[in-house]
Amino acid sequence: MAACVGLVGGLIGVVYLEALNSLTLLLFPAPWADTVQTYLPTLLHTTITWSTWHHWLVLIAAGGLTALGFKVLGNPGDTELLVDNIHLHGGAPAEGMRELKALIPISLLNIAVGSGIGPEAPLSQTNGTVATWLADRWHLDPVETRILTITGLAAGFTVLFDAPLGASIFSMEMLHRRGLRYFEVLLPVLVGALAAFVLYSGLTTMGFEPIWSIDGVLGVPDRLAFLDFGWGLAAGVVGALVAAAFTLLVEFARWLFRPLPVLGKPVAAGLVLGGLAFVSPYALTFSKLQLRHLGRVEVITVGALALAAATKLAAAAVSMAGGWKGGFIIPMFFSGYCLGRIGAEVLPGHPNGTVLAVCLMVAINAGVTKTPLGSTLVVTEMVGLRLFPPALIAGLVSFFLTSNVYLIKSQRRRVGLDGKPVDPPFVQLG
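Everything quoted here is computed from the prediction, not taken from an experiment.

Cut-offs applied
- Residues numbered from 1 in each chain as written.
- Predicted model: local features only at pLDDT ≥ 70, side-chain atom pairs only at ≥ 80, totals over all residues.
- Heavy atoms only, no water.
- Salt bridge = Lys/Arg side-chain N within 4 Å of Asp/Glu carboxyl O.
- Helix = DSSP H or I, 4+ residues; strand = E, 2+ residues; numbered from the N terminus.
- Buried < 20%, exposed > 50% of the residue type's maximum accessible area, 1.4 Å probe, protein only.
- Contact = heavy atoms within 4.5 Å.
- Axes fitted to C-alpha atoms, helices over the stretch in contact; angles between N-to-C directions.
- Parallel < 35°, antiparallel > 145°, perpendicular 65-115°, else oblique.
- Left-handed = near helix turned anticlockwise from the far one by under 90°.
- Nonpolar A, V, L, I, M, F, W, Y, C, P; charged D, E, K, R; others polar.
- Polar contact = N/O pair within 3.5 Å; in protein donor to acceptor, adjacent residues only side chain to side chain.
- pLDDT = per-residue confidence, 0-100.
- Expected span 1.5 Å × (residues − 1).

**Some thoughts on the pattern of salt bridges**
In step 1: Taken as a whole and judged by the stated rule, the model has two salt bridges.
In step 2: Among the salt bridges present, the one from Arg137 reaches Asp136, with a minimum N-O distance of 2.5 Å.
In step 3: Measuring nitrogen to oxygen at the nearest pair gives 3.6 Å for the salt bridge that ties Glu251 to Arg254. Within this pair, Glu251 and its partner Arg254 are both found in helix α10 (residues 226-257), separated by three residues, close to a single helical turn.

**Brief notes about the side chain of Thr126**
In step 1: Among the secondary structure elements, Thr126 is positioned in helix α5 (residues 120-137).
In step 2: Under the relative-accessibility criterion, Thr126 is labelled buried at 5%.
In step 3: Apart from the residues within four sequence positions on either side, Thr126 is in contact with Ile12, Leu100, Leu103 and Ile104.

**A short note on the packing of helix α3 (residues 79-89) against helix α6 (residues 142-161)**
In step 1: One way to put it is that α3 packs onto α6 with a least axis distance of 9 Å and a crossing angle of 155°. Taken together, the axes of α3 and α6 lie roughly antiparallel to each other. In terms of crossing hand, the pair formed by α3 and α6 is left-handed. The segment α3 lies against α6, with Leu82, Ile86, His87 and His89 engaging Pro142, Arg146, Thr149, Ile150 and Leu153.
In step 2: A per-class count over the contact of α3 with α6 returns five nonpolar, three polar and one charged.

**A few points about the side chain of Thr158**
In step 1: Mapped onto the elements of the fold, Thr158 is located in helix α6.
In step 2: There is a polar contact of 2.7 Å between the side chain of Thr158 and the backbone oxygen of Ala154.
In step 3: When neighbours within four sequence positions are excluded, Thr158 is seen to be in contact with Ala163, Pro164, Ala167, Ala193 and Phe197.

**Observations concerning the confidence of the model for the protein**
In step 1: On average, residues of the protein score 84 in pLDDT, and 84% of them are at 70 or above.
In step 2: A low-confidence stretch, residues 33-48 stays under pLDDT 50, and its non-local contacts, those more than four residues away or across chains, total 37 contacts.
In step 3: For residues 425-430, every residue scores under 50 in pLDDT, and the model assigns this stretch nine contacts once sequence neighbours within four places are set aside.

**With respect to helix α14 (residues 329-346)**
In step 1: For α14, spanning 18 residues, the distance from its first C-alpha to its last is 26 Å, which sits close to the expected 26 Å at 1.5 Å a residue.
In step 2: Burial analysis of α14 places 15 of its 18 residues in the buried class, which makes it a mostly covered element.

**Section: unusual backbone geometry**
In step 1: In this structure, Thr285 takes a positive phi of about 70° despite not being glycine.
In step 2: Mapped onto the fold, Thr285 is located in the loop between α11 (265-276) and α12 (288-294).
In step 3: Residue Lys370 is not a glycine yet carries a positive backbone phi of 60°.
In step 4: Along the chain, the position of Lys370 falls in the loop between α15 (353-369) and α16 (372-382).
In step 5: Look at Lys370 and you get partly exposed, because its relative accessible area is 37%.

Pasting the structure below:
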(Lines give C-alpha, C1' and ligand atoms only; values in the text may rest on other atoms or scores of the structure.)
Protein backbone atom coordinates (compact mmCIF):
# COMPACT_ATOMS: atom_id res chain seq x y z
CA MET A 1 0.00 0.00 0.00
CA ALA A 2 2.86 2.40 0.80
CA ALA A 3 4.45 1.64 -2.55
CA CYS A 4 1.11 2.30 -4.26
CA VAL A 5 0.78 5.64 -2.47
CA GLY A 6 4.33 6.49 -3.57
CA LEU A 7 3.61 5.67 -7.21
CA VAL A 8 0.44 7.76 -7.16
CA GLY A 9 2.39 10.57 -5.51
CA GLY A 10 5.05 10.38 -8.21
CA LEU A 11 2.41 10.70 -10.93
CA ILE A 12 0.81 13.65 -9.15
CA GLY A 13 4.24 15.25 -8.87
CA VAL A 14 4.94 14.86 -12.58
CA VAL A 15 1.64 16.47 -13.58
CA TYR A 16 1.75 19.24 -10.97
CA LEU A 17 5.34 20.31 -11.55
CA GLU A 18 5.06 20.15 -15.33
CA ALA A 19 1.95 22.35 -15.16
CA LEU A 20 3.81 24.71 -12.84
CA ASN A 21 6.84 24.92 -15.15
CA SER A 22 4.70 25.68 -18.18
CA LEU A 23 2.61 28.25 -16.34
CA THR A 24 5.77 29.88 -14.97
CA LEU A 25 7.10 30.35 -18.49
CA LEU A 26 3.91 32.22 -19.32
CA LEU A 27 3.48 34.30 -16.14
CA PHE A 28 7.02 34.87 -14.90
CA PRO A 29 9.69 34.93 -17.62
CA ALA A 30 12.29 36.53 -15.32
CA PRO A 31 15.90 37.32 -16.35
CA TRP A 32 16.89 33.73 -15.50
CA ALA A 33 13.80 32.16 -17.12
CA ASP A 34 15.98 30.56 -19.79
CA THR A 35 17.10 28.13 -17.08
CA VAL A 36 13.55 26.91 -16.47
CA GLN A 37 13.50 23.18 -17.10
CA THR A 38 10.40 21.42 -18.36
CA TYR A 39 10.73 17.77 -17.58
CA LEU A 40 8.21 16.53 -20.13
CA PRO A 41 7.59 17.71 -23.70
CA THR A 42 5.50 20.87 -23.50
CA LEU A 43 3.26 22.58 -26.01
CA LEU A 44 3.66 25.96 -24.32
CA HIS A 45 6.43 28.28 -25.45
CA THR A 46 6.60 31.98 -24.76
CA THR A 47 8.86 34.90 -25.62
CA ILE A 48 7.33 37.36 -23.16
CA THR A 49 9.96 39.68 -21.68
CA TRP A 50 9.89 40.37 -17.95
CA SER A 51 9.39 43.88 -16.60
CA THR A 52 9.01 44.85 -12.95
CA TRP A 53 6.40 47.49 -13.78
CA HIS A 54 4.34 45.20 -15.97
CA HIS A 55 4.74 42.31 -13.59
CA TRP A 56 3.54 44.42 -10.67
CA LEU A 57 0.17 44.59 -12.42
CA VAL A 58 0.31 40.85 -13.05
CA LEU A 59 0.87 40.21 -9.34
CA ILE A 60 -2.05 42.43 -8.34
CA ALA A 61 -4.26 40.70 -10.90
CA ALA A 62 -3.11 37.32 -9.54
CA GLY A 63 -4.16 38.46 -6.08
CA GLY A 64 -7.59 39.32 -7.42
CA LEU A 65 -7.89 35.93 -9.13
CA THR A 66 -6.81 34.26 -5.88
CA ALA A 67 -9.58 36.03 -3.99
CA LEU A 68 -12.05 35.03 -6.70
CA GLY A 69 -10.81 31.46 -6.42
CA PHE A 70 -11.53 31.45 -2.68
CA LYS A 71 -15.03 32.72 -3.38
CA VAL A 72 -15.87 30.34 -6.23
CA LEU A 73 -13.85 27.20 -5.41
CA GLY A 74 -14.02 27.35 -1.63
CA ASN A 75 -11.47 26.84 1.11
CA PRO A 76 -8.20 25.24 -0.14
CA GLY A 77 -7.19 24.11 3.35
CA ASP A 78 -3.58 24.13 4.53
CA THR A 79 -0.78 21.86 5.69
CA GLU A 80 -1.20 22.94 9.31
CA LEU A 81 -4.75 21.56 9.34
CA LEU A 82 -3.54 18.34 7.71
CA VAL A 83 -0.88 17.90 10.41
CA ASP A 84 -3.50 18.41 13.11
CA ASN A 85 -5.77 15.79 11.54
CA ILE A 86 -2.89 13.30 11.24
CA HIS A 87 -2.47 13.51 15.00
CA LEU A 88 -6.18 13.37 15.83
CA HIS A 89 -7.70 11.15 13.15
CA GLY A 90 -4.80 9.63 11.25
CA GLY A 91 -5.32 11.53 8.01
CA ALA A 92 -6.72 14.45 6.07
CA PRO A 93 -10.04 16.05 7.07
CA ALA A 94 -13.26 14.67 5.60
CA GLU A 95 -13.51 17.58 3.17
CA GLY A 96 -9.88 17.14 2.05
CA MET A 97 -10.59 16.04 -1.52
CA ARG A 98 -12.97 18.97 -2.03
CA GLU A 99 -10.25 21.32 -0.78
CA LEU A 100 -7.90 20.08 -3.50
CA LYS A 101 -10.24 21.48 -6.17
CA ALA A 102 -9.33 24.91 -4.84
CA LEU A 103 -5.78 24.25 -3.64
CA ILE A 104 -4.33 22.97 -6.91
CA PRO A 105 -5.35 25.80 -9.29
CA ILE A 106 -4.84 28.56 -6.70
CA SER A 107 -1.39 27.32 -5.67
CA LEU A 108 -0.31 26.89 -9.30
CA LEU A 109 -1.28 30.50 -10.01
CA ASN A 110 0.31 31.86 -6.83
CA ILE A 111 3.63 30.09 -7.35
CA ALA A 112 3.92 30.51 -11.11
CA VAL A 113 3.32 34.24 -10.97
CA GLY A 114 6.42 34.68 -8.81
CA SER A 115 5.32 34.94 -5.19
CA GLY A 116 7.82 34.25 -2.43
CA ILE A 117 6.56 30.73 -1.75
CA GLY A 118 7.03 27.37 -3.45
CA PRO A 119 5.21 24.14 -4.33
CA GLU A 120 6.38 22.02 -1.38
CA ALA A 121 3.32 22.67 0.82
CA PRO A 122 0.62 22.28 -1.87
CA LEU A 123 2.28 19.20 -3.34
CA SER A 124 2.70 17.47 0.02
CA GLN A 125 -0.83 18.45 1.10
CA THR A 126 -2.24 17.06 -2.14
CA ASN A 127 -0.39 13.77 -1.84
CA GLY A 128 -1.23 13.41 1.86
CA THR A 129 -4.90 14.02 1.16
CA VAL A 130 -4.98 11.53 -1.71
CA ALA A 131 -3.22 8.98 0.53
CA THR A 132 -5.94 9.41 3.15
CA TRP A 133 -8.59 8.96 0.46
CA LEU A 134 -6.92 5.72 -0.64
CA ALA A 135 -6.72 4.50 2.95
CA ASP A 136 -10.45 5.17 3.29
CA ARG A 137 -11.15 3.19 0.10
CA TRP A 138 -9.12 0.32 1.56
CA HIS A 139 -11.09 0.53 4.86
CA LEU A 140 -7.98 0.99 7.00
CA ASP A 141 -8.05 1.95 10.68
CA PRO A 142 -6.70 5.32 11.93
CA VAL A 143 -3.25 3.91 12.72
CA GLU A 144 -2.80 2.48 9.22
CA THR A 145 -4.31 5.63 7.71
CA ARG A 146 -1.73 7.72 9.54
CA ILE A 147 1.08 5.60 8.08
CA LEU A 148 -0.16 6.07 4.51
CA THR A 149 -0.91 9.77 4.97
CA ILE A 150 2.64 10.44 6.16
CA THR A 151 3.85 8.35 3.23
CA GLY A 152 1.89 10.67 0.93
CA LEU A 153 3.58 13.69 2.50
CA ALA A 154 6.99 12.09 1.92
CA ALA A 155 6.15 11.32 -1.72
CA GLY A 156 5.25 14.96 -2.29
CA PHE A 157 8.47 16.24 -0.76
CA THR A 158 10.50 13.61 -2.63
CA VAL A 159 9.49 14.64 -6.15
CA LEU A 160 10.28 18.27 -5.38
CA PHE A 161 13.48 17.87 -3.38
CA ASP A 162 14.74 14.82 -5.32
CA ALA A 163 15.77 13.48 -1.90
CA PRO A 164 13.85 10.35 -0.83
CA LEU A 165 15.69 9.69 2.43
CA GLY A 166 15.61 13.31 3.55
CA ALA A 167 11.99 13.73 2.48
CA SER A 168 10.99 10.64 4.48
CA ILE A 169 12.59 11.86 7.71
CA PHE A 170 11.39 15.41 7.06
CA SER A 171 7.76 14.33 6.66
CA MET A 172 7.95 12.48 9.99
CA GLU A 173 9.74 15.23 11.90
CA MET A 174 7.50 18.06 10.73
CA LEU A 175 4.59 16.59 12.71
CA HIS A 176 6.30 17.37 16.02
CA ARG A 177 8.09 20.23 17.73
CA ARG A 178 10.67 18.14 19.56
CA GLY A 179 11.94 15.21 17.60
CA LEU A 180 10.47 12.38 15.60
CA ARG A 181 7.75 10.44 17.44
CA TYR A 182 5.89 8.22 14.95
CA PHE A 183 9.10 6.37 14.12
CA GLU A 184 7.22 3.14 13.46
CA VAL A 185 6.13 4.55 10.10
CA LEU A 186 9.71 4.94 8.87
CA LEU A 187 9.98 1.85 6.65
CA PRO A 188 6.62 2.27 4.87
CA VAL A 189 7.44 5.95 4.34
CA LEU A 190 10.83 5.05 2.85
CA VAL A 191 9.16 2.56 0.50
CA GLY A 192 6.64 5.16 -0.66
CA ALA A 193 9.27 7.87 -1.07
CA LEU A 194 11.52 5.60 -3.11
CA ALA A 195 8.61 4.53 -5.30
CA ALA A 196 7.79 8.19 -5.99
CA PHE A 197 11.46 8.98 -6.61
CA VAL A 198 12.03 6.14 -9.09
CA LEU A 199 8.78 6.82 -10.96
CA TYR A 200 9.36 10.56 -11.16
CA SER A 201 12.95 10.11 -12.32
CA GLY A 202 11.86 7.59 -14.94
CA LEU A 203 9.03 9.70 -16.37
CA THR A 204 11.00 12.94 -16.50
CA THR A 205 14.42 14.08 -17.61
CA MET A 206 15.35 15.00 -14.06
CA GLY A 207 17.90 12.20 -13.75
CA PHE A 208 19.97 11.69 -10.63
CA GLU A 209 22.21 14.74 -10.75
CA PRO A 210 22.15 17.21 -7.83
CA ILE A 211 19.49 19.89 -8.05
CA TRP A 212 21.94 22.56 -6.90
CA SER A 213 25.66 22.81 -7.62
CA ILE A 214 26.48 25.33 -4.92
CA ASP A 215 30.14 24.32 -4.84
CA GLY A 216 30.81 25.60 -8.36
CA VAL A 217 31.70 29.09 -7.12
CA LEU A 218 32.32 28.47 -3.43
CA GLY A 219 34.55 25.43 -3.89
CA VAL A 220 34.75 22.15 -2.00
CA PRO A 221 37.30 21.57 0.77
CA ASP A 222 39.59 18.59 0.29
CA ARG A 223 38.65 17.56 3.80
CA LEU A 224 36.91 19.10 6.76
CA ALA A 225 39.12 21.01 9.14
CA PHE A 226 38.62 21.09 12.89
CA LEU A 227 37.59 24.75 12.61
CA ASP A 228 34.70 23.78 10.34
CA PHE A 229 32.92 22.27 13.32
CA GLY A 230 33.15 25.65 15.02
CA TRP A 231 31.72 27.33 11.93
CA GLY A 232 28.90 24.77 12.01
CA LEU A 233 28.16 25.74 15.61
CA ALA A 234 28.18 29.43 14.69
CA ALA A 235 25.92 28.74 11.71
CA GLY A 236 23.48 27.03 14.06
CA VAL A 237 23.31 30.16 16.22
CA VAL A 238 22.90 32.49 13.24
CA GLY A 239 20.36 30.16 11.66
CA ALA A 240 18.32 30.10 14.87
CA LEU A 241 18.29 33.91 14.95
CA VAL A 242 17.18 34.10 11.32
CA ALA A 243 14.50 31.45 11.94
CA ALA A 244 13.18 33.40 14.93
CA ALA A 245 13.25 36.64 12.94
CA PHE A 246 11.31 35.03 10.08
CA THR A 247 8.71 33.67 12.49
CA LEU A 248 8.24 37.14 13.99
CA LEU A 249 8.12 38.65 10.50
CA VAL A 250 5.29 36.30 9.48
CA GLU A 251 3.35 37.15 12.64
CA PHE A 252 3.91 40.87 12.04
CA ALA A 253 2.76 40.58 8.42
CA ARG A 254 -0.37 38.73 9.52
CA TRP A 255 -1.05 41.47 12.08
CA LEU A 256 -0.74 44.12 9.37
CA PHE A 257 -3.10 42.22 7.07
CA ARG A 258 -5.65 41.41 9.79
CA PRO A 259 -7.83 44.52 9.32
CA LEU A 260 -8.26 43.74 5.62
CA PRO A 261 -11.25 41.72 4.40
CA VAL A 262 -10.44 38.09 3.61
CA LEU A 263 -10.80 38.59 -0.12
CA GLY A 264 -8.72 41.77 -0.02
CA LYS A 265 -5.64 40.16 1.52
CA PRO A 266 -4.43 38.37 -1.65
CA VAL A 267 -4.67 41.60 -3.63
CA ALA A 268 -2.73 43.52 -0.97
CA ALA A 269 -0.10 40.78 -0.98
CA GLY A 270 0.30 41.12 -4.75
CA LEU A 271 0.74 44.88 -4.33
CA VAL A 272 3.52 44.44 -1.74
CA LEU A 273 5.22 41.67 -3.68
CA GLY A 274 5.40 43.85 -6.77
CA GLY A 275 7.10 46.56 -4.73
CA LEU A 276 9.70 44.13 -3.39
CA ALA A 277 10.77 43.33 -6.96
CA PHE A 278 12.20 46.87 -7.19
CA VAL A 279 14.39 46.27 -4.12
CA SER A 280 16.04 43.10 -5.39
CA PRO A 281 15.64 41.00 -8.55
CA TYR A 282 15.80 37.94 -6.28
CA ALA A 283 12.78 38.92 -4.18
CA LEU A 284 10.20 37.04 -6.23
CA THR A 285 9.70 33.33 -6.99
CA PHE A 286 10.44 30.52 -4.59
CA SER A 287 14.14 30.58 -5.61
CA LYS A 288 14.85 27.05 -6.83
CA LEU A 289 16.11 28.40 -10.17
CA GLN A 290 17.61 31.48 -8.58
CA LEU A 291 19.88 29.37 -6.43
CA ARG A 292 21.11 27.58 -9.54
CA HIS A 293 21.72 31.00 -11.08
CA LEU A 294 23.70 32.27 -8.09
CA GLY A 295 25.73 29.06 -8.11
CA ARG A 296 27.14 30.14 -11.48
CA VAL A 297 27.63 33.85 -10.70
CA GLU A 298 31.20 34.36 -9.49
CA VAL A 299 31.06 38.10 -8.81
CA ILE A 300 28.26 39.56 -6.69
CA THR A 301 28.44 42.12 -3.91
CA VAL A 302 27.78 41.40 -0.26
CA GLY A 303 25.04 44.04 -0.30
CA ALA A 304 23.26 42.35 -3.18
CA LEU A 305 23.36 39.01 -1.36
CA ALA A 306 22.06 40.56 1.85
CA LEU A 307 19.20 42.25 -0.01
CA ALA A 308 18.40 39.01 -1.81
CA ALA A 309 18.12 37.09 1.49
CA ALA A 310 16.11 39.81 3.24
CA THR A 311 13.64 40.40 0.41
CA LYS A 312 13.19 36.64 -0.10
CA LEU A 313 12.16 36.22 3.54
CA ALA A 314 9.92 39.27 3.32
CA ALA A 315 8.23 37.98 0.14
CA ALA A 316 7.57 34.61 1.76
CA ALA A 317 6.10 36.28 4.85
CA VAL A 318 3.87 38.59 2.80
CA SER A 319 2.68 35.72 0.61
CA MET A 320 1.70 33.69 3.67
CA ALA A 321 0.01 36.62 5.38
CA GLY A 322 -1.93 37.41 2.21
CA GLY A 323 -3.37 33.91 1.94
CA TRP A 324 -1.35 32.90 -1.12
CA LYS A 325 -0.86 29.13 -1.23
CA GLY A 326 2.65 27.69 -1.17
CA GLY A 327 5.55 26.70 1.04
CA PHE A 328 8.55 28.52 2.46
CA ILE A 329 11.18 25.75 2.71
CA ILE A 330 13.17 26.48 -0.45
CA PRO A 331 13.19 30.25 0.29
CA MET A 332 14.81 29.30 3.63
CA PHE A 333 17.47 27.35 1.75
CA PHE A 334 18.05 30.30 -0.59
CA SER A 335 18.54 32.70 2.32
CA GLY A 336 20.97 30.31 3.97
CA TYR A 337 23.02 30.09 0.79
CA CYS A 338 23.20 33.88 0.50
CA LEU A 339 24.28 34.28 4.12
CA GLY A 340 26.86 31.52 3.75
CA ARG A 341 28.34 33.23 0.75
CA ILE A 342 28.45 36.51 2.66
CA GLY A 343 30.24 34.79 5.52
CA ALA A 344 32.88 33.41 3.20
CA GLU A 345 33.62 36.98 2.11
CA VAL A 346 33.55 38.93 5.37
CA LEU A 347 34.52 36.53 8.17
CA PRO A 348 38.16 36.38 9.29
CA GLY A 349 40.08 33.56 7.69
CA HIS A 350 37.54 33.33 4.86
CA PRO A 351 35.96 29.98 5.81
CA ASN A 352 34.83 27.65 3.06
CA GLY A 353 31.62 29.03 1.62
CA THR A 354 30.13 25.62 0.80
CA VAL A 355 30.42 24.48 4.42
CA LEU A 356 28.89 27.73 5.68
CA ALA A 357 26.11 27.72 3.08
CA VAL A 358 25.06 24.12 3.75
CA CYS A 359 25.12 24.64 7.52
CA LEU A 360 23.06 27.82 7.30
CA MET A 361 20.56 26.30 4.86
CA VAL A 362 20.00 23.47 7.31
CA ALA A 363 19.98 25.64 10.42
CA ILE A 364 17.45 28.20 9.20
CA ASN A 365 15.00 25.61 7.91
CA ALA A 366 15.39 23.41 10.99
CA GLY A 367 14.73 26.41 13.20
CA VAL A 368 11.47 27.18 11.42
CA THR A 369 10.18 23.67 10.70
CA LYS A 370 11.76 21.83 13.68
CA THR A 371 13.23 19.17 11.38
CA PRO A 372 16.98 18.91 12.13
CA LEU A 373 17.48 15.42 10.70
CA GLY A 374 15.19 15.88 7.71
CA SER A 375 16.61 19.28 6.82
CA THR A 376 20.17 17.95 7.01
CA LEU A 377 19.40 14.98 4.77
CA VAL A 378 17.36 17.01 2.30
CA VAL A 379 20.05 19.67 1.85
CA THR A 380 22.92 17.21 1.56
CA GLU A 381 21.00 15.12 -0.97
CA MET A 382 20.02 18.18 -2.99
CA VAL A 383 23.61 19.38 -3.26
CA GLY A 384 25.25 16.09 -4.17
CA LEU A 385 24.98 12.93 -2.06
CA ARG A 386 23.55 10.84 -4.89
CA LEU A 387 24.42 7.33 -3.61
CA PHE A 388 21.71 7.42 -0.97
CA PRO A 389 18.78 6.15 -3.11
CA PRO A 390 20.35 2.98 -4.55
CA ALA A 391 22.04 2.15 -1.24
CA LEU A 392 18.76 2.65 0.58
CA ILE A 393 16.93 0.40 -1.89
CA ALA A 394 19.51 -2.34 -1.30
CA GLY A 395 19.17 -2.03 2.46
CA LEU A 396 15.37 -2.13 2.43
CA VAL A 397 15.21 -5.14 0.10
CA SER A 398 17.65 -7.03 2.30
CA PHE A 399 15.70 -6.08 5.41
CA PHE A 400 12.41 -7.36 4.04
CA LEU A 401 13.91 -10.57 2.66
CA THR A 402 15.47 -11.40 6.03
CA SER A 403 12.56 -10.30 8.21
CA ASN A 404 12.13 -13.84 9.60
CA VAL A 405 15.85 -14.46 10.14
CA TYR A 406 17.02 -13.57 13.66
CA LEU A 407 20.48 -13.55 15.19
CA ILE A 408 19.98 -11.08 18.04
CA LYS A 409 17.45 -13.03 20.06
CA SER A 410 16.69 -10.16 22.44
CA GLN A 411 15.16 -7.94 19.73
CA ARG A 412 11.48 -7.36 20.47
CA ARG A 413 8.58 -4.92 20.23
CA ARG A 414 8.63 -1.64 22.09
CA VAL A 415 7.36 -1.91 25.67
CA GLY A 416 5.83 0.56 28.08
CA LEU A 417 6.93 1.47 31.58
CA ASP A 418 5.07 -1.57 32.90
CA GLY A 419 7.08 -3.90 30.66
CA LYS A 420 4.12 -4.84 28.47
CA PRO A 421 4.15 -4.44 24.66
CA VAL A 422 2.59 -1.17 23.56
CA ASP A 423 1.25 -0.32 20.13
CA PRO A 424 3.65 2.43 18.94
CA PRO A 425 1.16 5.23 18.12
CA PHE A 426 -0.20 5.22 21.66
CA VAL A 427 3.03 5.33 23.66
CA GLN A 428 3.00 8.01 26.36
CA LEU A 429 6.42 9.54 26.85
CA GLY A 430 7.45 10.90 30.24
